[in-house]
Amino acid sequence: MSTGRRIAGVGLATASGVLVALQSRINGELGVRLADGIAAAVVSFGLGLLILLVLVPATAGGRRGLAALFGALRTGALRPWQCLGGVCGAFLVATQGLTIGALGVAVFTVAVVAGQSGSSLLVDRAGIGPTGRQPVTPNRLVGAVLTVLAVLLAVGDRLGDPGALALALLPLAAGVGIAWQQAVNGQVRAASGSAVTATLVNFTVGTVALLATFAVDVAVRGRPAGVLPGEPWLYVGGPIGIVFIALAAALVRFTGVLLLGLATIAGQIVGAVLLDVVLPTEASHPGVSTLLGAALTLVAVLVAAVGGKAGPPVDASGRGGAPLNTRR
């Protein structure tokens, strides 16, 4: 893989991370307005799904992608479990609505990052993504560790709150799932030949999972106490998610799961800091340590990207070999 494509992929992934931070603020506010984070996630994912249900069949590439996807499932080149990445995406969006009102975007991001950094290494090493098994090189390991240290520095003043730490377990778990989601969505993209088709699969699975969860939530706690707000900007979380998922599915084959995750994390940190500085909320506490943490995060991504080219995938014994799941 050429260095130019890898660098371009890192740049696009970083930009998509900024969008994730913006989506987090939007869905968090929607959850506060509806007084129900699950309901906010259903609205966000559902709107994204409606857009994709119109967009994908209307384009020739989308129709070809759907045909290729069903063909890959029939032949076994793509396994059904590899289409379930949307469950992790649904869980992430649900945690945005459930926790950001109390944690703020920055603390939410540190929890997601802590889970995502470590799990990205494991997912790459297990060969779940379309690039096959990737070695844990010193650059990649140091980059992942520096990322966690950077976000801890960025929001260190909030981590002494026991309540915030307990609530942060939800986005921590969501961060663990992000790496797996990016890997299997990359497999769907490879099988279908279409990032938009992979995104449709992601949103379909995620919406079904959220609707089932919401039905249980309503049965146990009753209908949400809030009402749908009138501001249009509170409904763009779904479209932002479409852009993010499509970019991740397209870029993971160039970057690998870990480097994609680190670049996305850098964008999330920068976006979270900008939002907390420019549009602060009661849960936002930006300061010098936050800015230093954001800068260290960018350094961590650079460490992983420069000189961290993994080379050929490795086989189960650790030697060079063909990637797993090559039947697509």
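As shown above, the structure is provided for reference.
Attention in this report is confined to the structure presented alongside it. Bear in mind the structure is a predicted one, so any value in this text is a computation, not a measurement. (Residues numbered from 1 in each chain as written. Predicted model: local features only at pLDDT ≥ 70, side-chain atom pairs only at ≥ 80, totals over all residues. Heavy atoms only, no water.)

We now examine the overall build of the chain. Scanning the chain from terminus to terminus reveals eleven helices and zero strands. When the helices and strands of the chain are read in sequence order from the N terminus, they spell out α-α-α-α-α-α-α-α-α-α-α. When the 328 residues of the chain are sorted by exposure, 52% land in the buried category. Taking the intrachain contacts of the chain between residues at least 6 apart in sequence as the baseline, contacts between residues at least 24 apart amount to 85%. Approximately 13,200 Å² of the chain is accessible, and the part contributed by carbon and sulfur atoms is 73%. (Helix = DSSP H or I, 4+ residues; strand = E, 2+ residues; numbered from the N terminus. Buried < 20%, exposed > 50% of the residue type's maximum accessible area, 1.4 Å probe, protein only. Contact = heavy atoms within 4.5 Å. Areas by Shrake-Rupley, 256 points an atom, 1.4 Å probe, with all protein chains shown as cover.)

With that settled, consider a nonpolar patch on the surface. A cluster of nonpolar side chains, contributed by Val136, Leu141, Val145, Leu149 and Leu152, occupies part of the molecular surface with about 390 Å² of accessible area. On the basis of relative accessibility, which here comes to 45%, the residue Val145 falls in the partly exposed class. (Patch = residues over 30% accessible without salt bridge, like charges linked within 9 Å, V, L, I, M, F, W, Y side chains within 5 Å. Salt bridge = Lys/Arg side-chain N within 4 Å of Asp/Glu carboxyl O.)

With that settled, the discussion passes to the packing of helix 3 (residues 60-75) against helix 9 (residues 195-221). With their axes 8 Å apart at the nearest point, helix 3 and helix 9 run at an angle of 65 degrees to one another. Between helix 3 and helix 9 the crossing geometry is right-handed. In this structure, helix 3 uses Gly61, Gly62, Gly65, Leu66 and Leu69 to contact helix 9, whose residues at the interface are Thr197, Leu200 and Val201. Of the residues in the contact of helix 3 with helix 9, the class split is four nonpolar, four polar and no charged. (Axes fitted to C-alpha atoms, helices over the stretch in contact; angles between N-to-C directions. Left-handed = near helix turned anticlockwise from the far one by under 90°. Nonpolar A, V, L, I, M, F, W, Y, C, P; charged D, E, K, R; others polar.)

A few words on the nonpolar core. Grouped together as the largest cluster of nonpolar side chains are 32 residues, with contacts concentrated most on Val123, Val257, Leu260, Leu262, Ile269 and Val301. Elements with a minimum of two residues in this core: helix 1 (3-34), helix 5 (105-126), helix 6 (138-154), helix 8 (169-192), helix 10 (237-278) and helix 11 (288-305). With 13 residues, helix 10 is the single largest residue contributor to this core. For Leu262, the contacting residues outside a window of four places in its chain are Ser117, Gly143, Ala144, Thr147, Val301 and Ala304. With 17 residues, the next largest nonpolar core counts Ala41, Phe45, Ala94 and Phe244 among its residues. (Core = buried A, V, L, I, M, F, W, Y, C linked by side-chain atoms within 4.5 Å.)

Quick look at unusual backbone geometry now. The backbone of Ala35 sits at a positive phi, close to 60 degrees, despite the residue not being glycine. The topology assignment puts Ala35 in the loop between helix 1 and helix 2 (37-58). Note on Ala35: relative accessible area 48%, which makes it partly exposed.

The residue Gln23 is located in helix 1 in this model. Under the relative-accessibility criterion, Gln23 is labelled buried at 7%. Those residues in contact with Gln23, other than ones at most four positions away along the chain, are Ser44, Val93, Gln96, Gly237, Ile240 and Gly241.

One pass over the full model with this rule turns up four salt bridges. When the shortest N-O distance is used, the salt bridge between Glu29 and Arg33 registers 2.8 Å. Of this pair, Glu29 and Arg33 both sit in helix 1, four residues apart, which is roughly one turn of that helix. Owing to a relative accessible area of 25%, Glu29 belongs among the partly exposed residues under this scheme. A relative accessible area of 30% means that Arg33 is categorised as partly exposed. With a closest N to O distance of 3.4 Å, Arg221 and Asp36 form a salt bridge. Remark: Asp36 occurs in the loop between helix 1 and helix 2 and Arg221 occurs in helix 9; sequence separation between them is 185 residues. Classification of Arg221 as exposed rests on a relative accessible area of 58%. The network of salt bridges with shared partners includes Glu29, Arg33 and Glu231.

This part is about the packing of helix 8 against helix 9. At a minimum axis separation of 8 Å, helix 8 and helix 9 run at an interaxial angle of 130 degrees. Our classification of the angle between helix 8 and helix 9 gives oblique. Between helix 8 and helix 9 lies a crossing of right-handed hand. Facing helix 8, whose interface residues are Gln181, Asn185, Val188, Arg189 and Ser192, helix 9 presents Ala195, Thr197, Ala198, Val201 and Asn202. (Parallel < 35°, antiparallel > 145°, perpendicular 65-115°, else oblique.)

Note that all results are geometric; they support no functional claim without further evidence.
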